[in-house]
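# A look at the structure
So you can see what is in the structure, the chains are spelled out below.
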Amino acid sequence: MSSTEVSATRAIATQQARASAPQRNVARWLNPRVWGPTAVVFVIVAVLWQIIAFTNPYILPSLGEVAGSLLEDPDMYWQNFLITLQEVVVGAGAAILLGYLLAVIMSEFEIVERAIMPLIILIMVTPVIAIAPALVVAFGFGMMPKYIVTGIVVFFPVLVNSLAGLRSVDPRAMDVFRTLHATRWEIFRNLRFSSSMPYFFAGLRISLPLAVVGAAVAEFVAAGTAAGLGSLVTTSAAQANLPVTWAAIFMLCLMGILLIVVLAIVRKRVLWWSDGEVTAR
């Protein structure tokens, strides 16, 4: 069999695998063994929630009250949802881009890692709640402090996982490229980039939920316009309005779930050749 026939056979096999993957996923989720345990856990949690709500109404509102608050004023929740989502997208997006670019530089020049990594670790171990008021003094009462707080939370996992992925290249493949006198750009484009992607997405699985947490914390502690789901939680809790408080918390949870779902879809598109998961570091 010629090399052309081998390539054609591989292409056909790849297309068939891609076509059959959605059918396998649908059949898998129709199996009660897949969704059944999760459904049972959620039912148990809902029942326990209702019991606590009826016996201790000052601790938890009933699920009906939370749903009623969401349906009573959906525009308020939607507008605050969009504000917090903006903080997540801008802050996390900038941190993801900066984290990966810095990881690329560190993987190519170890002296940069030795020089910068201690400073990065120092920033990461500093409580973000302590940083937020100083950021307000430095950047004012707008959205910038919230972007920065969100970005700080996201930056470190992306950097560490991307750096590990960029250095996970097969030494034998690296030797082949060096034997062929490949440039740094050719090695990165054809070898390091693809090797880093599973690690990069593993870092995103940690970073995106943390981005929601970071945005909410930024709204808790950064002074300025009282907008966003985090600010709504703070305001409603101060007024002892538990239905609104938990409805806003539910919207934050929903945002995190949506981000994870979008990430899973993008990962399947980008890493269609990778069936295994890489553990985030």
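Keep in mind that what you see is a predicted model, and the values were worked out from it rather than measured.

Conventions and cut-offs
- Residue positions are counted from 1 within each chain, in the order its sequence is given.
- The predicted nature of this model means local features are confined to residues of pLDDT at least 70 and side-chain atom pairs, given and counted, to a pLDDT of 80 or more, with totals for whole chains, interfaces and linings taken over all residues.
- Only hydrogens and water are set aside; all other atoms, that is, all heavy atoms of the structure, feed into the side-chain values.
- The pLDDT value tells you how sure the predictor is about a given residue, anywhere from 0 up to 100.
- Strands here are runs of E lasting at least two residues and helices are runs of H or I lasting at least four, both read from the DSSP assignment and numbered beginning at the N terminus.
- The contact criterion used throughout is that any non-hydrogen atoms of two residues lie within 4.5 Å.
- Two rings from Phe, Tyr or Trp (for Trp, the six-membered ring) form a pair when their centres sit within 6.5 Å of each other. Planes less than 30 degrees apart are called stacked, planes more than 60 degrees apart edge-to-face, and all others tilted.
- Candidates for patches are residues over 30% relative accessible area with no salt bridge; among them, like charges are joined within 9 Å and nonpolar side chains (Val, Leu, Ile, Met, Phe, Trp, Tyr) within 5 Å.
- Using the Shrake-Rupley algorithm and a 1.4 Å probe, accessible areas are obtained, with residue cover drawn only from the displayed protein chains.
- A pair is scored as a salt bridge if a Lys or Arg side-chain nitrogen falls within 4 Å of a carboxyl oxygen belonging to Asp or Glu.
- UniProt positions are given in the numbering used here, feature names are shortened, and annotations may be inferred rather than shown by experiment.
- Only buried residues count toward a nonpolar core, which is a set of Ala, Val, Leu, Ile, Met, Phe, Trp, Tyr and Cys residues joined through side-chain atoms within 4.5 Å.
- Per-residue accessibility, obtained with a 1.4 Å probe over protein chains only, is compared with the maximum for each type, and a residue is labelled buried under 20%, exposed over 50%, and partly exposed between these values.

## Focus: the confidence of the model for the protein chain
Averaged over the protein chain, the pLDDT score is 82; the fraction of residues at 70 or greater is 84%. Ranking the helices and strands of the protein chain by mean pLDDT puts helix H4 (residues 74–108) first, with 92, and helix H1 (residues 3–30) last, with 52. Scored below 50 in pLDDT, residues 1–9 makes two contacts in the model with residues more than four places away or belonging to other chains.

## What about the packing of aromatic side chains?
Inspection of every chain in the model, using the stated rule, returns seven aromatic pairs. Taking 6.4 Å as the distance between ring centres and 85° as the angle between the ring planes, the aromatic pair formed by Tyr100 and Phe193 counts as edge-to-face. Here the residue Tyr100 occupies a position in helix H4, and Phe193 occupies one in helix H9 (residues 184–221), the gap between them amounting to 93 residues. With a centroid separation of 5.9 Å and 35° between ring planes, the pair formed by Trp185 and Phe188 is classed as tilted. Of this pair, Trp185 and Phe188 both sit in helix H9, three residues apart, roughly one helical turn.

## Overview of a nonpolar patch on the surface
Together, Val40, Val43, Ile44, Val47, Leu48 and Ile51 make up a nonpolar patch on the protein surface, roughly 530 Å² of accessible area in all. Mapped onto the elements of the fold, Leu48 is located in helix H2 (residues 32–55).

## Section: unusual backbone geometry
Notably, Ala240 is not glycine yet its phi reads approximately 60°, a positive angle. Positionally, Ala240 belongs in the loop between helix H10 (229–238) and helix H11 (242–270).

## Comments concerning the UniProt feature "transmembrane region" (unreviewed entry) in the protein chain
The residues that UniProt annotates with the feature "transmembrane region" (unreviewed entry) are residues 34–60, 80–103, 115–141, 147–166, 199–224 and 244–266. Secondary structure across residues 80–103 divides into 100% helix and 0% strand, with the first and last C-alpha atoms of the span separated by 34 Å. A distance of 27 Å separates the end C-alpha atoms of residues 147–166, which is 100% helix and 0% strand.

## Some thoughts on the nonpolar core
Met106, Leu159 and Phe200 are the most contacted members of the largest nonpolar core, which has 44 residues in total. Of all the secondary-structure elements, those providing two or more residues to this core are helix H3 (63–72), H4, helix H5 (110–125), helix H7 (144–166), H9, H10 and H11. Those residues in contact with Phe200 that sit more than four places away from it in its chain are Ile96, Tyr100, Val158 and Ser162. Ile131, Ala132, Leu135 and Ile152 belong to the second largest nonpolar core, which has eight residues in total.

## What about the environment of Gln50?
Note on placement: Gln50 falls in helix H2. Between the alpha carbons of Gln50 and Gly64 there is a distance of 9.2 Å; along the sequence they are 14 residues apart. If sequence neighbours within four positions are ignored, Gln50 has contacts with Ser62 and Leu63.

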